[in-house]
Amino acid sequence: MKRIALLLLALMLCALTGAQAEALQTVRVSEVTHSVFYAPQYAALALGFFEEEGLQVDLMNGGGADKVMTSILTNEVDIGLAGPEACIYVLLEGHEDAPRVFAQLTCRDGSFLVGRQREDFSWENLRGKHIIGGRKGGMPEMTLEYVMKQHGVIPHQDAQVDTSVQFNMMAGAFIGGDADYVALFEPTATEAELAGQCVVLTSIGAESGEIPYTAYFARQSFLAEHADLAQRFTNAIAKGQQWVYDHTDEEVARAILSAFPDTSLEVLTQVVARFRGIEAWNRTPVMKRSALEMLETVMESAGELEARVDFHALV
């Protein structure tokens, strides 16, 4: 009799767990790349903040902002995580269902300038050199060019900035022998450095200042139909951002370890500390008008912005 009661209890618990899982609303999300730069998002996933909001996140790697935007416009995914510049381009094209930004994740450029050997680094060192900068019109490439100009090194004039290499191929191209420098994200930069393949020289984000570098966006029609989902998604991100700021580098690294199974805890801790050191993460999901204006300044400097957009039309 006791065994039957235990069996019935187990079946009831299984049924309850299944019902809870079924109750979660699935949301498809495409991230521009897979990086520790998005630690608050991975912390929110690992710590159950999305489940607390009734959401099950189906996360995929888009491999570039242009690809993320394509998947949004073709309704392959619900939410994109990439640079807001992608939304600006589509809005200026007059797309009838142009995506709008509803939450900001990071507030600085998360890439690091990497070289082949240790050096007494100065931006003047880039003069006459070949740098793999990323896709033309993408935030990594535009921010790199902006910082170079701020230091008096004019891209494509004083130095060659290569925009022909796909975002997810940049590390391989550099390690394979192309170029003198490259802009890389983490944990790729630190892992390559520890493998003796390069040296991380400086943070591009520390030089560029505050920019709404990575944000969540969705089609206007999706946001109109699923306003509550977008709010709950934003709530989970806000919890992740606060949690990351309230915990140590190692605690954050442990929390997101499952998202980076091929990266050691030691490396993750080092990378988290590097991002914390440049204040890479937004403290809340709210985008400031001044930050968007700075983004547009960077885009104008790169010759990629035809006209500034209305803040409320985009955000």
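Note: the structure precedes this text.
Residues numbered from 1 in each chain as written. Predicted model: local features only at pLDDT ≥ 70, side-chain atom pairs only at ≥ 80, totals over all residues. Heavy atoms only, no water.

Novice: Could you give an account of the packing of helix H5 (residues 85–92) against helix H14 (residues 289–301), naming the residues involved and the relevant values?
Specialist: With their axes 11 Å apart at the nearest point, H5 and H14 run at an angle of 75 degrees to one another. By the angle between their axes, H5 is roughly perpendicular relative to H14. Of the residues in H14, those touching H5 at Glu85, Ile88 and Tyr89 are Leu292, Leu295, Glu296 and Met299. Partitioned by chemical class, the residues of the contact of H5 with H14 number 5 nonpolar, no polar and 2 charged. (Axes fitted to C-alpha atoms, helices over the stretch in contact; angles between N-to-C directions. Helix = DSSP H or I, 4+ residues; strand = E, 2+ residues; numbered from the N terminus. Parallel < 35°, antiparallel > 145°, perpendicular 65-115°, else oblique. Contact = heavy atoms within 4.5 Å. Nonpolar A, V, L, I, M, F, W, Y, C, P; charged D, E, K, R; others polar.)

Novice: Describe the pattern of salt bridges, with residues and values.
Specialist: This model, assessed by the stated rule, comprises 17 salt bridges. Between Arg127 and Glu124 there is a salt bridge, with its nearest N and O atoms 2.8 Å apart. Residue Arg127 is classed as partly exposed on the basis of its relative accessible area of 35%. Glu124 gets classed as partly exposed once you look at its relative accessible area, which sits at 39%. Notably, a salt bridge pairs Asp228 with Arg232, separated by 2.8 Å at the nearest N-O pair. Of this pair, Asp228 and Arg232 both sit in helix H11 (residues 227–246), separated by 4 residues, roughly a single helical turn. Taken together, the shared-partner salt bridges connect Arg118, Glu186, Glu193 and Arg274 into one network. (Salt bridge = Lys/Arg side-chain N within 4 Å of Asp/Glu carboxyl O. Buried < 20%, exposed > 50% of the residue type's maximum accessible area, 1.4 Å probe, protein only.)

Novice: Please set out the layout of surface pockets residue by residue, giving values where relevant.
Specialist: Considering only enclosed or pocket space, the largest pocket measures out at about 380 Å³ in volume. In terms of lining residues, the largest pocket is bounded by 21 residues, among which Thr33, His34, Glu186, Pro187 and Thr188 are the most central. At the level of elements, helix H7 (170–175), strand S8 (181–184) and helix H8 (188–194) are the ones that each hand at least two residues to the lining of the largest pocket. For the lining of the largest pocket, the per-class residue count stands at 11 nonpolar, 7 polar and 3 charged. Quantified by volume, the second largest pocket comes out at close to 200 Å³. Every residue lining the second largest pocket is listed: Cys107, Arg108, Glu210, Tyr245, Glu279, Trp281, Asn282, Arg283, Thr284, Val286 and Lys288. A per-class count over the lining of the second largest pocket returns 4 nonpolar, 2 polar and 5 charged. (1 Å grid on protein atoms, 1.4 Å probe; cavity = no way out; pocket = protein on both sides within 12 Å on 5 of 7 lines; lining within 4 Å. Points joined across faces, edges and corners; volume = space filled by probe spheres on them.)

Novice: Help me get a handle on empty space enclosed by the protein, residues and values and all.
Specialist: Under the criterion given, the structure shown has 1 cavity of 30 Å³ or more. Secondary structure elements with two or more residues in the lining of the largest cavity: helix H4 (65–73) and helix H6 (139–150). Considering only residue class, the lining of the largest cavity consists of 9 nonpolar, 6 polar and 3 charged.

Novice: Describe the packing of aromatic side chains, with residues and values.
Specialist: For the structure on display, the rule yields 14 aromatic pairs. Members of the aromatic cluster, joined through ring pairs, are Phe37, Tyr38, Phe112, Phe185, Tyr213, Tyr245, Phe275 and Trp281. Positioned above the aromatic ring of Phe112, the side-chain terminus of Arg274 is 5.5 Å from the ring centre. (Phe/Tyr/Trp six-rings, centres within 6.5 Å; stacked < 30°, edge-to-face > 60°. Lys NZ or Arg CZ within 6 Å of the ring centre and 35° of its normal.)

Novice: Break down the sheet that holds strand S3 (residues 79–82) for me, with residues and values.
Specialist: With respect to topology, 5 strands assemble into an open sheet ordered S2-S1-S3-S10-S4, the strand pairing being mixed. Looking along the sheet, the strands with just one partner apiece sit at the ends: strand S2 (55–61) and strand S4 (99–106). If you compare each strand with its neighbour and ignore which way they point, the axes differ by 25 degrees on average. Where H4 meets the sheet, it contacts strand S1 (25–31), S3, S4 and strand S10 (214–219), and its direction lies at approximately 170 degrees from that of S3. Each of S1, S2, S3, S4 and S10 is contacted by H11, which is oriented at about 15 degrees to S4, the strand it contacts most. (Pairing = 2+ DSSP bridges.)

Novice: How would you summarise the sheet that holds strand S9 (residues 199–203) if you had to cite specific residues and measurements?
Specialist: Across a sheet, paired strands are connected by hydrogen bonds in the backbone, their directions being either parallel or antiparallel. Read across the open sheet, the 5 strands follow the order S7-S6-S8-S5-S9; overall the sheet is mixed. Either end of the sheet is taken by a strand with one partner, and the two such strands are strand S7 (160–162) and S9. Each strand of the sheet is rotated relative to its neighbour by a mean of 25 degrees, with strand direction disregarded. Relative to S8, strand S5 (residues 112–115) runs antiparallel, the two sharing 4 bridges. Bridge assignment links Leu113 to a residue of S8, and that residue is Ala183.

Take it as geometry only, folks, not as evidence of what the structure does.
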